[in-house]
Amino acid sequence: MTSKVYFMDARSDSADTSLIAKTLTVFDAAGLDKLVNEGDVVAIKVHCGEWNSSAYLRPVYARALADRIKELGGRPFVCDTTTQTYNPYGSRATELDLLETASRNGFNATTLNCPFICADGYVGTSDYRVDIPEGYILKEAFVAQAIAAADVMIALTHFKGHGMGVIGGALKNLGIGAQSKRGKFNVHMGRHPKYGAGDAIDFHPESFAGKEKDPDWTILEDCCPLSLFEVTDNDELKWEREKCINCLGCMGIMNPRGIFRPNLENFDATDAAIADGALGVVKAVGPDRVGFVTVAVDVSPKCDCAGFSDVPIVPHLGVFASTDPVAIDQACVDAAQHAPGIPGSLAEEVGVDAPGDRKFDLAGSSIEGASEQTTINTAVVNGLGVREHELIHVERAGAEKFRFPLDRRPTRQRFAKLFEKFQPFPFDRYDTRGFNRLPEVDLDAVKGHGGPTVDPHSHADAPYHGDGAWHPGMEEAAGHSGMNPTDSDKAGTPAGDD
Ligand code: SF4
């Protein structure tokens, strides 16, 4: 079996080849418009980005999709979910945090022209449990309530790398991003007897340097929401590991100090579970009611959930759409593999910058040995989709379709009367030329890559020096242009209502 993946590259030279237009074009080409019936509530699932990340998809992609869904008769909302918390200073761990971070990143009802909501409630316990007997490792999933309640879901995914998931694609947008907070604990192997961090992590308390040598030591206790770490008066670090729920809040604190040695199986099991979580979402919404649009630009190595965005590891790849989340992720991984790595990026640093190199095993994952195929392969095993795909290159849809929709009249019809009433060009000045400018200058003199070839003050005979002030006594000099100013032309004199 082969799935179809609809694709347009990232080059752009016209309104209908803008990435926004291409996103809508592949959406329609893949038949995702047919998923939406009159009156359907449509969840558009995005990653709104952590505080201070900058590579997440600009909100205009979601806005354009929401507008399209309205055209189709649907009722869209854009959503994301709370985090586990993942780090001690997370910015999306409650609904309040999420909405404020999302708004700072540009996602709100005003920009999106539809509501932006936190899909799993204030703390992240608002969800819908679904059985997944087909799951490879998970047998149930906890899907964010607002997503499970929607008639249709469109996963609008930013394709990039991820420290734990290796890739951040459509499967991860569902398998982590559309799970509630407790659903995320499930996927991250919280309290799993073999793969959970409490059981799996190699713990080296002797690596703690002591309070005196580690002045930031209080964070060792403060990073855990369950207060499982204690630094004793004797500088001993204790961990009640049997109670750990895998929130990951301590990893960024313990790993750099050598207190934790990350466990590959914990990563691999989570990556497999992401595929099962994704299956849970498709089952919760309905197998024929979920569509996937992936925008592979700004392909940063460490996801939008980090509070930063590194140099992209490959050039913009393009936009993809499909009804198969496995095929669309495989198409993105293949495109990244065939692309050259970007000089100066992490891809170059870790030696995977040649076309043909797999990019994410080393540049995405934060642990050696993880694979960019684990989630994809697991989603084949649990029946969610297939890797084999036909990549269909979609033609541009025509500029007419993507003209400014709020006023489609050409400029004369829109502006002739307006310009008559509020003339923006000062025809009444300088013999209708409008402005005080020299009639001719040596343009070649300022084009040299080595700097200008004229003296900085060689234009000093101009009465107006560009410094905002009129230079008295220079009026004569202006005569060489034949454009003598009148009093009302002089700078500082009101020229009209602006
Ligand atoms: S010990 Fe477990 S529960 Fe506590 S911060 Fe670390 S991962 Fe989270």
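Thresholds applied
Residues numbered from 1 in each chain as written. Predicted model: local features only at pLDDT ≥ 70, side-chain atom pairs only at ≥ 80, totals over all residues. Helix = DSSP H or I, 4+ residues; strand = E, 2+ residues; numbered from the N terminus. Buried ≥ 20, exposed ≤ 12 C-beta atoms within 10 Å, placed from the backbone. Contact = placed C-beta atoms within 7 Å. Axes fitted to C-alpha atoms, helices over the stretch in contact; angles between N-to-C directions. Parallel < 35°, antiparallel > 145°, perpendicular 65-115°, else oblique. Left-handed = near helix turned anticlockwise from the far one by under 90°. Nonpolar A, V, L, I, M, F, W, Y, C, P; charged D, E, K, R; others polar. Domains from an automatic or database assignment. Near = placed C-beta within 6 Å. Core = buried A, V, L, I, M, F, W, Y, C linked by C-beta atoms within 7 Å. Pairing = 2+ DSSP bridges. Right-handed = clockwise from strand over helix to strand, strands pointing away. Expected span 1.5 Å × (residues − 1).

1. Some points on the overall build of the protein
Right, so step 1: Helix and strand counts for the protein stand at 16 helices and 16 strands.
Right, so step 2: Considered along the principal axes of its C-alpha atoms, the protein spans approximately 90 × 65 × 45 Å.
Right, so step 3: When each of the 498 residues of the protein is scored for burial, the buried share is 46%.
Right, so step 4: Here the analysis covers contacts within the protein between residues at least 6 apart in sequence; of these, 73% occur between residues at least 24 apart.

2. Quick look at the packing of helix α12 (residues 325-338) against helix α15 (residues 374-381)
Working note: a packed helix pair is described by the angle between its axes plus the distance between those axes.
Right, so step 1: Relative to each other, α12 and α15 sit at 155 degrees, their axes nearing to 10 Å. Comparing their axes, α15 and α12 come out roughly antiparallel. Seen from above, α12 lies across α15 with left-handed handedness. On α15, the residues touching P325, V326, D329 and Q330 of α12 are I376, A379 and V380.
Right, so step 2: By residue class, the composition of the contact of α12 with α15 is 5 nonpolar, 1 polar and 1 charged.

3. Some details on the packing of helix α11 (residues 264-285) against α15
Right, so step 1: It is the contact of α11 with α15, at a shortest axis distance of 8 Å, that shows an interaxial angle of 45 degrees. Taken as axis vectors, α11 and α15 run oblique relative to one another. Crossing of α11 over α15 shows right-handed handedness. Contacts between α11 and α15 involve D268, D271, A272, I274, A275 and A278 from the first element and T374, T375, T378 and A379 from the second.
Right, so step 2: Taken together, the residues that form the contact of α11 with α15 break down as 5 nonpolar, 3 polar and 2 charged.

4. Re the domain arrangement of the protein
Right, so step 1: Here the domain parsing of the protein yields domain 1 (3-191 + 264-401), domain 2 (202-261) and domain 3 (414-498).
Right, so step 2: Computed from C-alpha coordinates alone, the two centres of domain 1 and domain 3 are separated by 52 Å.

5. Points about the site of the ligand
Right, so step 1: In the vicinity of the ligand, the contacting residues are A197, C223, C224, L226, L228, C244, I245, N246, C247, L248, G249 and C250.
Right, so step 2: For the shell around the ligand, a count of residues per class yields 10 nonpolar, 2 polar and no charged.

6. Description of unusual backbone geometry
For residues other than glycine, phi is negative in most cases, and the peptide bonds are mostly trans.
Right, so step 1: One non-glycine residue, Y86, adopts positive backbone phi at about 80 degrees.
Right, so step 2: By secondary structure assignment, the location of Y86 is in the loop between β3 (75-80) and α3 (95-104).
Right, so step 3: Residue Y86 is classed as buried on the basis of its C-beta count, with 21 C-beta atoms lying within 10 Å.
Right, so step 4: Positioned with a positive phi, C303 is a non-glycine residue whose angle comes to about 75 degrees.
Right, so step 5: Mapped onto the elements, C303 comes out in the loop between β14 (290-296) and β15 (318-322).
Right, so step 6: Given 25 C-beta atoms within a 10 Å radius, C303 is considered buried.

7. Things to note about the nonpolar core
Right, so step 1: Of all hydrophobic cores here, the largest spans 136 residues; its most connected members are V26, V78, I147 and F320.
Right, so step 2: Among the elements that take part in this core, α11 stands out by supplying 12 residues, more than any other.
Right, so step 3: Residue-level mapping places this core at the junction of two domains, with at least three residues from each of domain 1 (3-191 + 264-401) and domain 2 (202-261).
Right, so step 4: Setting aside residues up to four positions removed in sequence, V78 forms contacts with I44, V46, A62, A66, F107, L112, C114 and F116.

8. Things to note about the pairing of β3
Right, so step 1: Across the 6 residues that make up β3, a large majority, 5, are buried.
Right, so step 2: In this sheet, β3 lies alongside strand β2 (residues 41-45) in parallel orientation, the contact comprising 5 bridges. What sits directly across from V41, in β3, is R75.
Right, so step 3: Viewed along the sheet, the connection from β2 through helix α2 (residues 59-71) into β3 turns out right-handed.
Right, so step 4: Pairing of β3 with strand β4 (residues 116-118), which is carried by 3 bridges, proceeds in the parallel orientation. Of the residues in β4, the one forming a bridge with V78 is F116.

9. Regarding the sheet that holds β2
Right, so step 1: Here we have 8 strands laid out as an open sheet, ordered β4-β3-β2-β7-β14-β15-β1-β16, and mixed in their pairing. Edge positions in the sheet fall to β4 and β16 (389-393), since each of these pairs with one other strand and no more. For this sheet, the mean angle separating the axes of adjacent strands, direction not counted, is 25 degrees.
Right, so step 2: As judged from the 3 bridges shared by strand β1 (residues 3-8) and β15, these two strands associate in the antiparallel manner.

10. With respect to the environment of T111
Right, so step 1: Mapping T111 onto the fold places it in helix α4 (residues 109-112).
Right, so step 2: Take T111: there are 18 C-beta atoms within 10 Å of it, and that puts it in the partly exposed class.
Right, so step 3: In sequence terms T111 and H393 are 282 residues apart; their C-alpha atoms lie 31 Å from each other.
Right, so step 4: When near neighbours in sequence (up to four residues on either side) are disregarded, T111 contacts P59, R63 and G106.

11. Topic: the environment of G307
Right, so step 1: Along the chain, the position of G307 falls in the loop between β14 and β15.
Right, so step 2: In the structure, G307 is positioned 178 residues away from R129 in sequence and 30 Å away in space, judged by C-alpha atoms.
Right, so step 3: Excluding residues within four positions of it along the chain, G307 makes contact with E50, W51, N52 and S53.

12. What about α11?
Right, so step 1: Here α11 contains 22 residues, and its C-alpha end-to-end distance of 32 Å stays within 8% of the 32 Å for a straight helix at 1.5 Å per residue.
Right, so step 2: Positive phi appears at G286, one or two residues downstream of α11, with a value of about 130 degrees.

13. Observations regarding the pairing of β2
Right, so step 1: Burial analysis of β2 places 4 of its 5 residues in the buried class, the great majority of the element.
Right, so step 2: Where β2 meets strand β7 (residues 152-158), 4 bridges bridge the pair, whose relative direction is parallel. Across the sheet, V42 pairs through a bridge with V152, a residue of β7.

14. So, the environment of C303
Right, so step 1: Remark: the alpha-carbon pair of C303 and K160, spanning 143 residues in sequence, is separated by 5.9 Å.
Right, so step 2: Apart from the residues lying within four places of it in its own chain, the contact partners of C303 are K160, G161, H162, G163 and G168.

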